[in-house]
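# Observations on chain architecture
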Amino acid sequence: MVALNEDLMARARQVIPGGVSSPVRAFGAVGGTPVFIQSASGATVRDVAGREYLDLVCSWGPALLGHAHPAVVEAVQQQAARGLSFGAPTEAEVVLADLIRGRVPAAEKVRFVSTGTEATMTAVRLARGATGRDVIVKFAGCYHGHSDALLAAAGSGVATQGLPGSAGVTAAATADTIVLEYNDVDALRAVFAEQGSRVAAVITEAAPANMGVVPPQDGFNAAIRQVTRDAGALMILDEVLTGFRVGPAGWWGLEAGVDAPAWTPDLFAFGKVVGGGMPLAALAGRADVMDLLAPLGPVYQAGTLSGNPLATAAGIATLSLADEHVYRHVDKASLTLQAAVDDALVAAGVPHVVQRAGSLFSVFFRDGAVRDYRDAKDQDTIAFGRFFHAMLDQGVALPPSAFEAWFLSAAHDDAVLERIIAALPQAARAAAAGSR
Ligand SMILES: *Cc1c(COP(=O)(O)O)cnc(C)c1O
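These notes cover the structure that comes with them.

About the criteria used
Residues numbered from 1 in each chain as written. Predicted model: local features only at pLDDT ≥ 70, side-chain atom pairs only at ≥ 80, totals over all residues. Heavy atoms only, no water. Helix = DSSP H or I, 4+ residues; strand = E, 2+ residues; numbered from the N terminus. Expected span 1.5 Å × (residues − 1). Buried < 20%, exposed > 50% of the residue type's maximum accessible area, 1.4 Å probe, protein only. Polar contact = N/O pair within 3.5 Å; in protein donor to acceptor, adjacent residues only side chain to side chain. Pairing = 2+ DSSP bridges. Contact = heavy atoms within 4.5 Å. Axes fitted to C-alpha atoms, helices over the stretch in contact; angles between N-to-C directions.

## Regarding helix α4 (residues 116–131)
Residues separated by three or four positions in an α-helix point in the same direction, a consequence of the helix having 3.6 residues per turn. Its 16 residues place the ends of α4 22 Å apart at the C-alpha level, agreeing with the 22 Å of an ideal helix rising 1.5 Å per residue. For α4, every residue scored as buried is listed here: Gly116, Thr117, Ala119, Thr120, Thr122, Ala123, Val124, Leu126 and Ala127. Phi turns positive, to about 70°, at Gly132, one or two residues after α4.

## Overview of the side chain of Thr177
Along the chain, the position of Thr177 falls in strand β6 (residues 177–180). By relative accessible area, which is 10% here, Thr177 ends up buried. Polar contacts involving the side chain of Thr177 include one to the main-chain carbonyl oxygen of Ala149, which spans 2.8 Å.

## A short note on the sheet that holds strand β3 (residues 52–55)
One open sheet accounts for 4 strands, arranged β1-β2-β3-β13; its pairing is mixed. Of all the strands in the sheet, the pair left with one neighbour each is β1 (37–41) and β13 (396–397). Pairing analysis gives 4 bridges linking β1 to strand β2 (residues 44–47), with the strands arranged antiparallel. Within β2, the residue paired with Ile37 across the bridge is Asp47.

## Some words on helix α11 (residues 309–321)
Counted at 1.5 Å a residue, the expected span for α11 with its 13 residues is 18 Å, and the 18 Å between its end C-alpha atoms agrees. Most of α11 is tucked away, with 11 of its 13 residues classed as buried. Those residues of α11 that sit buried are Pro309, Leu310, Ala311, Thr312, Ala313, Ala314, Gly315, Ile316, Ala317, Thr318 and Leu319. Structurally, α11 contributes buried residues whose contacts are with α2 (70–82) and α3 (91–103). With a side-chain oxygen positioned 2.9 Å from the backbone nitrogen of Leu310, the residue opening α11 is Asn308.

## Quick look at the sheet that holds strand β4 (residues 109–113)
On the basis of which strands lie adjacent, the open sheet formed by 7 strands has the order β4-β10-β9-β8-β7-β5-β6 and mixed pairing. Every interior strand has two partners, whereas the edge strands, β4 and β6, have only one. Taken pair by pair, the neighbouring strands of this sheet meet at an average axis angle of 20°, ignoring direction. Bridge count for strand β7 (residues 199–205) against strand β8 (residues 234–239) is 5 bridges, and the pairing is parallel. What sits directly across from Ala201, in β8, is Leu234. In this fold helix α8 (residues 220–231) packs onto β5 (135–139), β7 and β8, with an angle of close to 150° to the strand it touches most, β8.

Written out as structure tokens, the structure is:
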């Protein structure tokens, strides 16, 4: 049965670099052959050999309602029959923008793009255009997609591969990018004391989840807001992963509060859940800043497939169904699973720490809390690989890297959780044993 995945991978390698369309899918961090998915439904994905796995990847976040939710599929099918793409404005874009603004009032205006990479890349360009300044501050281990200026000390696939950044990114492209350790307020203040007047923006993951889950310490996001405002720089909150996943108004809603927010960024980047599994992302924020985008303003941005009708249909259906009940369910399921993972690893005597940000969590195989990228890299990724494969052998698909969050959905009900939890002791023993 497994041979089918191996055969396909051999074919894929002939025509696709590394056999995959995005690096982390290649299983480089855990070894073995990637599972080629043929279909998915609810909490389950099924591979080309017909084997089913309970899925804790959820398409890296978008499948908040579970895979192939009937209402989302129907919305896409109905739109498909009316046309796939027009290259012209549609009512659905207005509806989706209103849904976003209804949840995140500070997203006063919204521009749709196709990927999170475009959203953050454009947010950076916009911040530079708005301030007339060049410097961007980012944090090590925060991943903002693969645009040149932001591919310095990024997490996610870049962390998995241990690349310093990427070949092909010129020194000039990152010369104006300052990288600081995450959660280090003193370093942030020092940079602003020295060269705050040169900074266009600080970009940060709302709650980092691309170096494993490393939540902001109390007051860290608020401190970013304070120093940027004082210096006349912008704050870009990257909620591509957290937005509409950890709560109705993303991490910002959880931490700052929606009605009388303790702090608010100038710009947001959204992706993943907002497209309901289709290629759709957005940048959003202060109207006066957003209106600097073409055609109103001098900051150019465009996209043939931006605001694609199928993608907006999936986004509208997903946000419409993602109510308080869904978020409560995912929160509860996450807490249950976190506790079970912890118990299993304690019982097997495996050093570990489970870290969470809302319903997102990940496990670091190390002693002691992880507060930045240096800590995150100091973990036993080999033990994670054994843990991962022991879960996979038992029919549970974890993210294939120790640097990624685990994702749950509304379809992860008690029966699904029980089956996942039943697989944990054997995986924990594999992590402990040094062999599987
Ligand atoms: C996934 C992700 C991105 C990039 O989005 P793509 O759609 O993969 O380009 C950017 N920022 C964060 C925080 C992400 O998790």
